Each structure stands twice: as structure tokens, then as C-alpha cells.
Amino acid sequence: MEPWASSPATTPQVERKFHVLVGVTGSVAALKLPLLVSRLLDIPGLEVIVVTTERAKHFYSPQDVPVSLYSDTDEWEMWKRRSDPVLHIELRRWADLMLVAPLDANTLGKVASGICDNLLTCVIRAWDHNKPLLFCPAMNTAMWEHPVTAQQVGQLKAFGYTEVPCVAKKLVCGDQGLGAMAEVETIVEKVKEVFSQHHGIQQS
Ligand SMILES: Cc1cc2nc3c(=O)[nH]c(=O)nc-3n(C[C@H](O)[C@H](O)[C@H](O)COP(=O)(O)O)c2cc1C
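By the naming in an unreviewed UniProt entry, the protein chain goes by Phosphopantothenoylcysteine decarboxylase and is assigned to Cavia porcellus. Per its UniProt entry, the protein chain bears the Sequence similarities (unreviewed entry) comment "Belongs to the HFCD (homooligomeric flavin containing Cys decarboxylase) superfamily." Entered under Function (unreviewed entry) in the UniProt record, the comment concerning the protein chain runs "Catalyzes the decarboxylation of the cysteine moiety of 4-phosphopantothenoylcysteine to form 4'-phosphopantotheine and this reaction forms part of the biosynthesis of coenzyme A."

Laid out in C-alpha cells, this is it:
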């Protein structure tokens, strides 16, 4: 059975784990996906599924990611007839939290304007705004400094999503400056914060 079918988000929280859906896009920071997933799995009570863009696949090996990983092919292969599940809807139902790390300039632009032409952007387009969504931008400094970036990041915040800001460092391309994805530890701490808030709400 697919992991998202075993315990939908409607199952009471006391009986199941907190569901984190990690979205990964084609930034070089996707190299950190295996580390990010393993650090998330260290948090007791968390279950993780990954949704990847095609470009992101270039930066990691699926065998280094010890959770279910879905991409566009799965979405289209899963649906043959009316009774079949629509993967992006099943995933948005399953998730308690969406974490997009890294969020590259391309997908940032798509999300800001509502474009949904792959599995990841469809999940985000169909996102339940009562649930948290964290995004971790990652791009070259020149891209980061383009005026459209601040507009688009502002748009995502206006949707109610939470930015985990990028940091300044020497980037893989050799440039120095803002645009690097936040450290994995920073991202994991943010997830823990959301998880504990959610846990508190469930128990009150
Ligand atoms: C080696 C390499 C590294 C890249 N790193 C980044 C990056 O850090 N941030 C970014 O916004 N785009 C980066 N790109 C460009 C994206 O991969 C490109 O815009 C792609 O279309 C993104 O597709 P996606 O958003 O569907 O994953 C990189 C491209 C290459 C070839």
C-alpha cells in the first residue's frame, strides 16, 4: 500500500505520526536532500515523504533517500481510470506540513504566479492553507538580487507560507553572497518548532 494511503491526515494525531512532505527542486542545494531527510527522521514521531522535480533528481541518488519519493511519472502512471487516486491530491491530504527545500528560482516564480505543471507545483497549488508550508529559497546571488525575487518571496508570504531565509556564503558556482539555502540544522529546527506547536494544539 502507498504510504499516503495508510494513515491520511484525518486519522487522529494521537494514533499516527506527524506527516512532513518535503518538496525538492533543481537547485544545487538539493545535494543536501539525503542529509535533510535523515535529520528529519531523527525527530521522534515524524514521517517523511519526498516529492521531487525532474531537475532536482540530478543532484542526489534515490538510494540515499530512505523514504518514499514521488515525481511526475508516478502521478501520471497512477491514474488510469476514474476510481484511481490523483497523487497530488492524496499527498496534500496526507501531509501535515509541507517543506520546500531547496526552493529554486524557477519553482519560486511558478508558485508565486499559480503555475502548476508538475507534481510538486500541483501539490502546492492545491495546498490547504490551514496547514503550514515552509520554503527555503536557494539560488545564485545574481538571481537572488533580481528585483522579481523579493516580489515573489513577498507573494508567498502573503499566501501565508513561511520563509526560512537563505544565507550568505561562497556558493558552489564560486560567487560569494546571499542565496545559499539555510543550513540543514536551521531548517530542522524550524520543522521541530512547527511540530511542537501542532502537537500542542492536538493535545489541548
Ligand atoms: C548545476 C546547476 C545548479 C543549479 N543551481 C540552481 C540553484 O541553486 N538555484 C536555482 O534557482 N537554479 C539553479 N539551477 C537552475 C535550475 O536547475 C533550473 O532553473 C531548472 O529549470 C529548475 O527546474 P525545477 O524548478 O523544475 O526544479 C541550477 C542548474 C544547474 C545546471
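On we go from here.
**Q** Help me understand the UniProt feature "domain: Flavoprotein" (unreviewed entry) in the protein chain, please; the structure alone is not making it clear to me.
**A** The UniProt feature table records "domain: Flavoprotein" (unreviewed entry) at residues 19-193. End-to-end, the C-alpha atoms of residues 19-193 are 14 Å apart, and along that stretch the chain is 38% helix and 22% strand.

**Q** Which parts of the structure should I look at to understand helix α4 (residues 87-94)?
**A** Two residues of an α-helix separated by three or four positions point the same way, owing to the 3.6 residues in each turn. Within α4, the full set of buried residues consists of L87, H88, L91, R92 and W94. For α4, the angular spread of buried residues about the axis comes to 160°, placing them on one side. Buried residues along α4 sit against α1 (3-6), β1 (18-24), β2 (46-52), β3 (69-70), α3 (72-78) and α6 (119-125).

**Q** Can you walk me through the site of the ligand in this structure?
**A** Neighbouring the ligand are 15 residues, the closest being G26, S27, T53, D104 and A105. With three residues, helix α5 (residues 105-113) is the largest single contributor of residues to the shell around the ligand. Counted by class, the shell around the ligand contains seven nonpolar, six polar and two charged residues.

**Q** Just checking my understanding: could you explain the pairing of strand β4 (residues 97-103) for this structure?
**A** Regular strands place their side chains on alternate faces of the sheet. Along β4, six of the seven residues are buried, which leaves the element largely enclosed by surrounding structure. Sheet topology note: the β1/β4 ladder contains four bridges and is parallel. Pairing of V22 across the sheet is with L99, part of β4. Here four bridges tie β4 to strand β5 (residues 133-137), and the two strands are oriented parallel to one another. From the neighbouring strand, L99 faces β5, where its bridge partner is L134.

**Q** Explain the environment of S38 here, please?
**A** As for its position among the elements, S38 is in helix α2 (residues 33-41). On a C-alpha basis, the gap between S38 and V65 in space is 7.9 Å, while along the polypeptide they are 27 residues apart.

**Q** Mind showing me how you'd approach the environment of D104 here?
**A** One can find D104 in the loop between β4 and α5. Not counting residues up to four positions away in its chain, the partners in contact with D104 are T25, G26, S27, A138 and M139.

**Q** Is there a simple way to explain the packing of α5 against helix α8 (residues 147-158) in this structure?
**A** The relative placement of two packed helices is expressed as an angle between their axes plus a distance between the axes. Look at α5 against α8: their axes get within 9 Å of each other, and the N-to-C directions meet at 55°. For the element pair α5 / α8, the angle class is oblique. The hand of the α5/α8 crossing is left-handed. The segment α5 lies against α8, with A105, L108, G109, V111 and A112 engaging T149, Q152, Q155 and L156. The residue inventory of the contact of α5 with α8, partitioned by class, reads five nonpolar, four polar and no charged.

Thresholds applied
Residues numbered from 1 in each chain as written. Predicted model: local features only at pLDDT ≥ 70, side-chain atom pairs only at ≥ 80, totals over all residues. UniProt positions renumbered as here; feature names shortened; annotations may be inferred. Helix = DSSP H or I, 4+ residues; strand = E, 2+ residues; numbered from the N terminus. Buried ≥ 20, exposed ≤ 12 C-beta atoms within 10 Å, placed from the backbone. Arc of directions from axis to C-beta. Contact = placed C-beta atoms within 7 Å. Near = placed C-beta within 6 Å. Nonpolar A, V, L, I, M, F, W, Y, C, P; charged D, E, K, R; others polar. Pairing = 2+ DSSP bridges. Axes fitted to C-alpha atoms, helices over the stretch in contact; angles between N-to-C directions. Parallel < 35°, antiparallel > 145°, perpendicular 65-115°, else oblique. Left-handed = near helix turned anticlockwise from the far one by under 90°.

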